[in-house]
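Remarks on the overall topology
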Amino acid sequence: MGCDGARQAAVTLVKTGVLVSRRGGKRKALLSYCVIASHSAAATAAHPGRGEVIMSEAIMSSQAMETAPFDPRFPNQNQTKYCYQSYVDFQRCQKLKGDDYEPCQYFKKVFQSICPNAWVEKWDEQLENGSFPGKI
Amino acid sequence: MATWTFLGLQDGASPLMEQLIFFHDHIMVVLIMIITFVGYMLASVLSNSLINRFMLEHQTIELIWTAVPAIILIFIALPSLRLLYLLDEVNNPSITLKTVGHQWYWSYEYSDFLNVEFDSYMTPTNELDLSGFRLLDVDNRTVLPMNTQIRIVITAADVIHSWTVPALGVKADAIPGRLNQTSFLMSRPGLFYGQCSEICGANHSFMPIVIESVNTNSFLNWISSYSD
């Protein structure tokens, strides 16, 4: 998943009116996704085939430590929205593109890194019940 | 870590903390000079029985003792603002640690590649061995790699707590329903201690934080062995 992958995911969500950029129009929103994903793009370029993370490789290589990148949409201390937005974006991406669409995994990587596991479990339960408060 | 009678700041283990210490020392010099000067003036006036019958107006000295403090304040403000902006810099972390405050322990989650979760309770004093630190040691320490930019996301599960490690210059409140992010880098290996900093009930003083800073390979070995 590189800049293109994240951009594809973002374009889908913007086109269908799911994602609306608050400032600067569509271009800026897409650009921010590119900035975010370029970090993972660099990592993918440096380690070809990292798309499928092989556990032992990731563990043993000291360059493999990678986490959710800085997101300019959420520059301050309060990262609650980053967590929630990534979770919701992942669900929407999956709904729109199906479970096999690789670029959706970017959102999953982010919310797994940022969101407390208890929150993710609670939201997963709510999704199963149909009581999740967000619009997917 | 601090033992009793520690009045000053702990040795810095992070570049930002070192800068905070330098700033603190710089301000301390200015303050001591002011206090010495004012103290001397006060003492000399109090021990003097003479009275100046013609003390009126004196524009010159009024000007001096208005302008000089303003200049002193500029000497304090400039390094302060520099540091303020330095602390707010955007950096690219390599690892994210999540910590959740509970009554009365901290739980940690490393979810970047493997999902490692554990709770960190204080070692009770009666179970402490002779070399242990009372009210500071924990059963499971938080191991982190040194020389790596670390993002820490702090929240709470019940009431407000506060996560802090003075040696790293980090403190942020743990508020239920909110994720507070802060970032640090440890420049040396070692053990760094902190204590919960927001009143959270009966055992508020008994939920410490211990960070064990190790080299990257040791960290990777630890985390892979933890998940097994």
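Criteria and cut-off values
Residues numbered from 1 in each chain as written. Chains lettered and ligands numbered in written order. Predicted model: local features only at pLDDT ≥ 70, side-chain atom pairs only at ≥ 80, totals over all residues. Heavy atoms only, no water. UniProt positions renumbered as here; feature names shortened; annotations may be inferred. Buried < 20%, exposed > 50% of the residue type's maximum accessible area, 1.4 Å probe, protein only. Helix = DSSP H or I, 4+ residues; strand = E, 2+ residues; numbered from the N terminus. Pairing = 2+ DSSP bridges. Polar contact = N/O pair within 3.5 Å; in protein donor to acceptor, adjacent residues only side chain to side chain. Contact = heavy atoms within 4.5 Å. Disulfide = S-S within 2.5 Å. Domains from an automatic or database assignment. Buried area = accessible area lost by both parts, 1.4 Å probe. Salt bridge = Lys/Arg side-chain N within 4 Å of Asp/Glu carboxyl O.

Under an unreviewed UniProt entry, the name given to chain B is Cytochrome c oxidase subunit 2, and the organism recorded is Scylla paramamosain. Of the comments in the UniProt record for chain B, the one headed Catalytic activity (unreviewed entry) reads "4 Fe(II)-[cytochrome c] + O2 + 8 H(+)(in) = 4 Fe(III)-[cytochrome c] + 2 H2O + 4 H(+)(out)". As recorded by UniProt, the Subcellular location (unreviewed entry) comment attached to chain B reads in full: "Mitochondrion inner membrane".

An unreviewed UniProt entry lists chain A under the name Cytochrome c oxidase subunit 6B1, with Scylla paramamosain given as the organism. As recorded by UniProt, the Subcellular location (unreviewed entry) comment attached to chain A reads in full: "Mitochondrion".

1. Structural notes on the pairing of strand 6 (residues 161–165) of chain B
Residues and elements named next belong to chain B. By the criterion of burial, strand 6 is predominantly enclosed, with 5 of the 5 residues buried. Side chains of strand 6 alternate between two faces, with His161, Trp163 and Val165 and Ser162 and Thr164 buried alike. With 5 bridges joining them, strand 6 and strand 7 (residues 170–174) adopt antiparallel strand pairing. In the strand pairing of strand 7, histidine 161 is matched with alanine 174.

2. What to know about the side chain of histidine 204 of chain B
All names here are of chain B. Looking at where histidine 204 falls in the secondary structure, it is placed in the loop between strand 9 (190–195) and strand 10 (208–214). Under the relative-accessibility criterion, histidine 204 is labelled buried at 16%. In terms of polar contacts, histidine 204 uses its side chain to reach the backbone carbonyl oxygen of glutamate 198, at 3.0 Å. Setting aside its immediate chain neighbours within four residues, histidine 204 contacts Trp104, Cys196, Ser197, Glu198 and Ile199.

3. Section: the state of the cysteines
Summed over the entire model, instances satisfying the criterion amount to 2 disulfides over all chains. Residue cysteine 83 of chain A pairs covalently with cysteine 115 of chain A via a disulfide, S to S 2.1 Å. Of note, the bridge from cysteine 83 of chain A to cysteine 115 of chain A carries an S-S torsion of about 120° and is right-handed in sense. Taken together, the positions of cysteine 83 of chain A in helix 4 (residues 80–97) and cysteine 115 of chain A in the loop between helix 5 (105–114) and helix 6 (117–129) put the pair 32 residues apart, joining distant regions of the chain. In this structure cysteine 83 of chain A comes out as buried when scored by relative accessible area, which is 0%. This cysteine, cysteine 196 of chain B, is not joined by any disulfide, and cysteine 200 of chain B carries the nearest cysteine sulfur, 3.8 Å off.

4. Observations regarding the domain arrangement of chain B
Residues and elements named next belong to chain B. Along its sequence, chain B is organised into domain 1 (15–48 + 57–88) and domain 2 (95–225). Computed over C-alpha atoms, the centres of domain 1 and domain 2 are 37 Å apart. Taken together, the 4 residues of domain 1 in the interface contact 6 residues of domain 2. Surface buried jointly by domain 1 and domain 2 totals about 330 Å² across both partners, of which 61% is contributed by carbon and sulfur atoms. The largest contributions to the domain 1 side of the interface with domain 2 come from Pro15, Leu16 and Met17, which together make up 83% of the buried area. Where domain 1 touches domain 2, the interface holds 0 salt bridges.

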